[in-house]
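An overview of the molecular structure
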Number of protein chains: 2
Amino acid sequence: MKKTHTPLTRERILAAALHLVDAQGLRRLTMRRLGDALEVEAMAIYHHFPLGKEALLDGLVEHLSAVPVTAAPETDWQERLRTWARAYRDRVAAHPGLLPLLVSRPVRTPATLAATEAQYAACHDGGLRGPAILDAVRTLTGYVIGFVSLEIRDARPANGDAAEGLDARYPHATALRSYATGRDPDDQFEAGLTAVLTGITALAAHPV
Amino acid sequence: MKKTHTPLTRERILAAALHLVDAQGLRRLTMRRLGDALEVEAMAIYHHFPLGKEALLDGLVEHLSAVPVTAAPETDWQERLRTWARAYRDRVAAHPGLLPLLVSRPVRTPATLAATEAQYAACHDGGLRGPAILDAVRTLTGYVIGFVSLEIRDARPANGDAAEGLDARYPHATALRSYATGRDPDDQFEAGLTAVLTGITALAAHPV
DNA sequence: ACCTGAACACCGTTCAAGT
DNA sequence: ACCTGAACACCGTTCAAGT
C-alpha cells in the first residue's frame, strides 16, 4: 500500500508525544523519536510548532487541562469541590510523567479559567467572601497537586542508601508501619480532602 | 600563580551544580558547563559520581533535604508542624529550579526520616492515632509541597494566548481581582496552613 | 503549504591514556 | 587515585531545497 499518511497536525503530534511520555518517560520524548512515532522526519514537527520543543511541552500541559471539570451547579458546594479534586487527581495520575512539566509551566486556557471560576463560585455558595475565597481555592488546589505529587514521587523506589531498617530511632514510623502498608490511597486522598474542606469552611469565621 | 585548585569533591560539585541551577535554571545544568564552573574537564565529575548525571540530580535533591527541621519538642504540636511547614517552604522556594526534580525523585535520608518521625510525634501529641496520623502528615505535606509548587509555577508568566481580558464569563474571578493583587503570599500560606491544621485535628473525630 | 536532507553546535558517556 | 583527550551516539535547531 502507498504511504497515505493522515496529515500531520498539532493534535496528532501532541497525542503521539503524550503516548510517548506515558510509555517511556519524559526523558525519552525527543523530536527525532517523536518524528519516528509519527512516521515523519523530526523536522516536520517544527512546521506545526515553530517555537520548537518548549512550545510542544507547553502544548502537552495545556492538553492535560484542556477538558474542564465542572460538576452540576445545583449540588452541594463542598461536593462540587470534591468532584473537581477527584477529577484533577485522576487526570494527573494518568500521566505521571508530565508532573515535572505541570509544576513548572503555568497555563491559562479557557478551560483552566472556567475551572477556577467554578471553584470561586462554589466557595461563594459556601459562604466565603473576598480573600477567604482566594485562600480556600489555593489551599485546596495546593493540597490536590501536592498529594498527587507525593503519590507519583513515592511510586518510584528511593535510592537513598536503601536503609530499610526502621530502627528504634523512629518509634512512631515503626509503630505506624502496619497501617501504612494497608492504607488505601483513594481513602487517604478522601480523608485529606475532608480535612481540607473542613479547614476551608473555617476560613470564613477567622478572616486574616 | 599555579593551578592549585582545591580538590574536587562530591560536596563541591553539588554546591556548584546548585549554584548553576539557581542562576541559570535546570536546563542549563550540563556536565560540560558544570566542569567549566569547577575549572575542570567535564569527565572528571564522573569520578565522583560514577553513575553519571542521574546520580548527581539525586544528590541535589538529597542536598535540599539534608538539614533536618525539628522544632523544640516542648512547644505546641500544631506550632511544631507550622515550624516545619514554614522551613520546608522556605527551603524549596530558595531553589525553585529544583522543583521538577523534587516532585519526581523520592528521597529517604536520615534527615527526611527524622523529619517524618517528628511530624508523627507531633500528631500523636495532638491526640491522633493510627491511620489518622498517616493521613494528617500526608495532607500537611501535600499542602505544603503543592502550595510552593503553585507559587513557583505562577511566578513565570503564562504563555496561553495572553488573554488577560477577564470578561463577563468569569464574574467571580473579576470581582476577586483586587484582592488577588494585594494578597500577601506569606499570609496566604499561613491561612491555608491554619485551615489544614484545623482539618487535620478533626481527623481524630472522624476516623475512616 | 508542507515535508526532507544535510549540517551545526551541543549533549551524556566510554575508554584508553596520562600523572 | 584522580584527571584528561579523543571519540561515539545522540540531541535541538537552522536552512536551503524539494514537491
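Residues numbered from 1 in each chain as written. Chains lettered and ligands numbered in written order. Predicted model: local features only at pLDDT ≥ 70, side-chain atom pairs only at ≥ 80, totals over all residues. Heavy atoms only, no water.

**Brief notes about the relation of the copies chain B and chain A**
Each of the two chain copies can be brought onto the other by rotation about an axis and movement along it. Rule in force here: For the least-squares superposition of copies, only C-alpha atoms count, and only for residues with pLDDT at least 70 in both. Contacts were defined at the residue level, with two residues in contact if any of their heavy atoms lie within 4.5 Å.
When chain B is fitted to chain A, the best match, at an RMSD of 0.0 Å, comes from turning it 180 degrees and sliding it 0.0 Å along the axis. Taken together, the rotation angle and the small translation identify this as a two-fold axis. A high fraction, 100%, of the interface residues of chain B reappear at the interface in chain A, so the copies pair face to face through one surface.

**What to know about the layout of surface pockets**
Where empty space is left can be seen by rolling a probe of water-molecule size over the atoms. Here is the rule we go by: Cavities and pockets were defined on a 1 Å grid built from protein atoms only: a cavity is a group of points that admits a 1.4 Å probe but offers it no way out, a pocket is an open group of points flanked by protein on both sides within 12 Å along at least five of seven lines, and a lining residue is one with an atom within 4 Å of any such point. Grid points are joined across faces, edges and corners, and a volume is the space filled by probe spheres set on the points. The secondary structure listing takes helices from DSSP runs of H or I that are at least 4 residues long and strands from runs of E that are at least 2 residues long, numbered from the N terminus. Only Asp, Glu, Lys and Arg are considered charged in this grouping, and only Ala, Val, Leu, Ile, Met, Phe, Trp, Tyr, Cys and Pro are considered nonpolar; every other residue, Gly among them, is considered polar.
One number sums up the size of the largest pocket: a volume of about 1,700 Å³. In terms of lining residues, the largest pocket is bounded by 47 residues, among which Leu-26, Arg-27 and Pro-100 of chain A together with Leu-26 and Pro-100 of chain B are the most central. In terms of residue count, the dominant contributor to the lining of the largest pocket is helix 3 (residues 53-64) of chain B (four residues). Partitioning the lining of the largest pocket into residue classes produces 23 nonpolar, nine polar and 15 charged.

**Side note on the side chain of Asp-135 of chain B**
Definition in use: Think of it in three bands: residues with accessible area under 20% of the maximum for their type are buried, residues over 50% are exposed, and the middle band is partly exposed, with areas taken using a 1.4 Å probe on protein chains only. Two N or O atoms form a polar contact when they lie within 3.5 Å of each other; inside protein one atom must be a possible hydrogen donor and the other a possible acceptor, and for residues adjacent in sequence the pair counts only when both atoms belong to side chains.
Inspection of the secondary structure puts Asp-135 of chain B in helix 7 (residues 131-155). Judged by its relative accessible area of 3%, Asp-135 of chain B is buried. A distance of 2.7 Å separates the side chain of Asp-135 of chain B from the side chain of Arg-183 of chain A, its partner in a polar contact. If sequence neighbours within four positions are ignored, Asp-135 of chain B has contacts with Arg-183, Gln-188 and Ala-191 of chain A together with Leu-203 of chain B.

**Quick notes on the interface of chain B and chain A**
Short version of the rule: Note: buried area is the sum, over both parts, of the accessible area (probe 1.4 Å) each one loses when the two are combined. What makes a salt bridge here is a side-chain nitrogen of Lys or Arg within 4 Å of a carboxyl oxygen of Asp or Glu, nothing more.
Counting residues at the interface gives 64 residues for chain B, matched by 64 residues for chain A. Both faces combined, the contact of chain B with chain A buries some 5,900 Å², and carbon together with sulfur accounts for 64% of it. Our count for the contact surface shared by chain B and chain A stands at six salt bridges. Across the pair Arg-183 of chain B and Asp-135 of chain A runs a salt bridge, and its minimum N-O distance is 2.7 Å. Our count for the contact surface shared by chain B and chain A stands at 12 residue pairs in polar contact (both at pLDDT 80 or more). Among the elements of the structure, helix 3, helix 5 (99-102), helix 6 (110-125), helix 7, helix 8 (171-175), helix 9 (177-182) and helix 10 (185-202) of chain B are those that each provide at least two residues to the side of chain B that touches chain A. With 17 residues, helix 7 of chain B is the largest single contributor of residues to the side of chain B that touches chain A. In the side of chain B that touches chain A, the residues fall into 33 nonpolar, 15 polar and 16 charged.

**Some remarks on the protein's contact with DNA strand C**
Rules: Residues are classed as near a molecule or strand on a simple rule: at least one heavy atom within 4 Å of it.
Of all residues adjacent to DNA strand C, which total 17 residues, the nearest are Glu-41 and His-48 of chain A together with Arg-32, Arg-33 and Tyr-46 of chain B. Among the atoms of DNA strand C close to the protein, meaning within 4 Å, 59% are from sugar or phosphate groups. One of the side-chain N or O atoms of Arg-32 of chain B is found 2.4 Å from a base nitrogen in DNA strand C. Arg-33 of chain B places a side-chain nitrogen or oxygen 2.8 Å from a phosphate oxygen of DNA strand C. In terms of residue count, helix 2 (residues 31-37) of chain B provides more of the surface near DNA strand C than any other element does, three residues in total. Here the residues of the surface near DNA strand C are counted per class, giving eight nonpolar, four polar and five charged.

**Some points on unusual backbone geometry**
Residue and element names in this part refer to chain A. Although it is not a glycine, Glu-39 adopts a positive phi angle of roughly 55 degrees. The residue Glu-39 is located in the loop between helix 2 (31-37) and helix 3 (53-64) in this model. Using a relative accessible area of 57% as the deciding quantity, one classes Glu-39 as exposed.

**Focus on the nonpolar core**
Our working definition: Side-chain atoms within 4.5 Å link the members of a nonpolar core, which is a set of buried Ala, Val, Leu, Ile, Met, Phe, Trp, Tyr and Cys residues.
In terms of nonpolar packing, the biggest core is built from 126 residues, with Leu-34, Leu-56 and Leu-60 of chain A together with Leu-34, Leu-56 and Leu-60 of chain B touching the most fellow members. Residue contacts for Leu-34 of chain B: discarding those within four places in its chain leaves Ile-13, Ala-16, Ala-17, Leu-20, Leu-29, Ile-45 and Leu-56 of chain B.

**Describing the packing of helix 4 (residues 77-93) of chain B against helix 7 of chain B**
Residue and element names in this part refer to chain B. Quick note on the threshold: Axis angles are defined between N-to-C directions and span 0 to 180 degrees, where every axis is a line fitted to C-alpha atoms and, for a helix, only to the segment in contact. Convention used here: angles under 35 degrees read as roughly parallel, angles over 145 as roughly antiparallel, angles from 65 to 115 as roughly perpendicular, and any remaining angle as oblique. Take the far helix as your reference; a near helix turned counterclockwise from it by less than a right angle gives a left-handed crossing, and one turned clockwise gives a right-handed crossing.
One can describe the packing of helix 4 onto helix 7 by two numbers: an axis separation of 10 Å at closest approach and a directional angle of 30 degrees. Of the possible angle classes, the one that applies to helix 4 and helix 7 is roughly parallel. Every pair of crossing elements has a handedness; the one defined by helix 4 and helix 7 is right-handed. Contacts between helix 4 and helix 7 involve Leu-81, Trp-84, Ala-85, Tyr-88, Arg-89 and Val-92 on the former and, on the latter, Leu-140, Thr-141, Val-144, Ile-145, Phe-147, Val-148, Glu-151 and Ile-152.

**Things to note about the protein's contact with DNA strand D**
The local shell around DNA strand D holds 17 residues, among which Arg-32, Arg-33 and Tyr-46 of chain A together with Glu-41 and His-48 of chain B are the closest. Among all atoms of DNA strand D positioned within 4 Å of the protein, those belonging to sugar or phosphate total 59%. At 2.9 Å from a phosphate oxygen of DNA strand D is found a main-chain nitrogen or oxygen belonging to Met-31 of chain A. A distance of 2.7 Å separates a phosphate oxygen of DNA strand D from a polar side-chain atom of His-48 of chain B. A per-element tally of the surface near DNA strand D places helix 2 of chain A first, with three residues. Here the surface near DNA strand D is built from residues that sort into eight nonpolar, four polar and five charged.

**Quick notes on the environment of Leu-38 of chain B**
All names here are of chain B. The topology assignment puts Leu-38 in the loop between helix 2 and helix 3. Judged by its relative accessible area of 8%, Leu-38 falls in the buried class. For Leu-38 and Leu-98, which are 60 residues apart along the polypeptide, the C-alpha to C-alpha distance reads 20 Å. Non-local contacts of Leu-38, meaning those with residues more than four positions away in its chain, are made with Leu-8, Arg-12, Ile-13 and Ala-16.

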